[in-house]
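Now for the letters of each chain:
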Amino acid sequence: MARPRTAPRTVDHPDLADVSLQQILEALVEPVRRTLVAQLAGADEDMSCGTFETPVSPSTLTHHFNVLREAGVIRQYYVGTTKLNALRAADMEERFPGLLRAVMTASAAEATRT
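All values reported here derive from a predicted model rather than from experimental measurement. (Residues numbered from 1 in each chain as written. Predicted model: local features only at pLDDT ≥ 70, side-chain atom pairs only at ≥ 80, totals over all residues. Heavy atoms only, no water.)

**Overview of the packing of aromatic side chains**
Applying the stated criterion across every chain, the model contains one aromatic pair. Each ring, one from Phe-52 and one from Phe-65, has its centre 5.2 Å from the other, and the planes form 65 degrees; the classification is edge-to-face. Remark: Phe-65 occurs in helix 3 (residues 58-70) and Phe-52 occurs in the loop between strand 1 (47-48) and helix 3; sequence separation between them is 13 residues. Assigned by exposure class, Phe-52 and Phe-65 land together as buried. (Phe/Tyr/Trp six-rings, centres within 6.5 Å; stacked < 30°, edge-to-face > 60°. Helix = DSSP H or I, 4+ residues; strand = E, 2+ residues; numbered from the N terminus. Buried < 20%, exposed > 50% of the residue type's maximum accessible area, 1.4 Å probe, protein only.)

**Observations concerning the side chain of Arg-69**
Within the element layout of this structure, Arg-69 appears in helix 3. Here the side chain of Arg-69 touches Asn-66 through a polar contact of 3.1 Å, side chain to side chain. Here Arg-69 is in contact with Val-11, Asp-12, His-13, Pro-14, Ile-74 and Gln-76, once residues within four sequence places are set aside. (Polar contact = N/O pair within 3.5 Å; in protein donor to acceptor, adjacent residues only side chain to side chain. Contact = heavy atoms within 4.5 Å.)

**Regarding helix 1 (residues 21-28)**
Residue pairs three or four apart in sequence face the same way in an α-helix, which turns once every 3.6 residues. Within helix 1, the full set of buried residues consists of Ile-24, Ala-27 and Leu-28. Taken down its axis, helix 1 places every buried residue within 90 degrees of arc, on the same side. (Arc of directions from axis to C-beta.)

**Observations regarding the environment of Ala-106**
With respect to the element layout, Ala-106 can be found in helix 5 (residues 99-113). Spatially, the C-alpha atoms of Ala-106 and Val-19 are 22 Å apart, while their sequence positions differ by 87 residues.

**Section: the packing of helix 2 (residues 31-42) against helix 3**
Look at helix 2 against helix 3: their axes get within 10 Å of each other, and the N-to-C directions meet at 75 degrees. Relative to helix 3, helix 2 is oriented roughly perpendicular. Seen from helix 2, the contacting residues are Val-32, Arg-33, Leu-36 and Val-37; seen from helix 3, they are Leu-61, His-63, His-64, Phe-65, Val-67 and Leu-68. Residue composition of the contact of helix 2 with helix 3, by class: seven nonpolar, two polar and one charged. (Axes fitted to C-alpha atoms, helices over the stretch in contact; angles between N-to-C directions. Parallel < 35°, antiparallel > 145°, perpendicular 65-115°, else oblique. Nonpolar A, V, L, I, M, F, W, Y, C, P; charged D, E, K, R; others polar.)

**Observations concerning the nonpolar core**
Within the largest apolar cluster, 22 residues are counted, with the highest numbers of intra-cluster contacts made by Ile-24, Leu-28, Val-37, Leu-68 and Val-73. Contributions of two or more residues to this core are made by helix 1, helix 2, helix 3 and helix 5. Considering each element in turn, this core owes the most residues, four residues, to helix 5. Those residues in contact with Val-37 that lie beyond four places of it in its chain are Leu-28, Leu-68, Val-73, Leu-87, Leu-100 and Met-104. (Core = buried A, V, L, I, M, F, W, Y, C linked by side-chain atoms within 4.5 Å.)

**Structural notes on the pattern of salt bridges**
All told, the structure shown has three salt bridges when counted by the stated rule. With a shortest N-O distance of 3.1 Å, Asp-91 and Arg-88 are connected by a salt bridge. Glu-93 is the salt-bridge partner of Arg-101, the closest N and O atoms lying 3.8 Å from each other. A relative accessible area of 53% places Arg-101 in the exposed class. (Salt bridge = Lys/Arg side-chain N within 4 Å of Asp/Glu carboxyl O.)

**As for helix 2**
With twelve residues, helix 2 should reach 16 Å at 1.5 Å per residue; the first-to-last C-alpha distance of 16 Å fits that figure. Within helix 2 the residues assigned to the buried category are Val-32, Arg-33, Arg-34, Leu-36, Val-37, Gln-39 and Leu-40. The elements touched by buried residues of helix 2 are helix 1, strand 1, helix 3, strand 2 (74-79), strand 3 (82-87) and helix 5. (Expected span 1.5 Å × (residues − 1).)

Quick look at the structure:
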């Protein structure tokens, strides 16, 4: 018999002071991950994993979320059984001023050209 959970589910996040520029850039180089970040940046509220529009399977999407979380780009947390995603825009701006905005602007410009 399964033991009932007594503690809420949590997700580990890095301190951005421990994240390198290389790690951030590697996370954001992938087009699907940039799409996820753009959707979060344009959302009025945090988004659950199942609400993103992407061309990949749920298991591949989970991988992309993990890469973004481990690079400190997003924060994930549970509300009940739903995992929500939040862009760490303020944290990113403090650690790497202008980087997220520059990557998103360049990505949007590239998307309009293709």
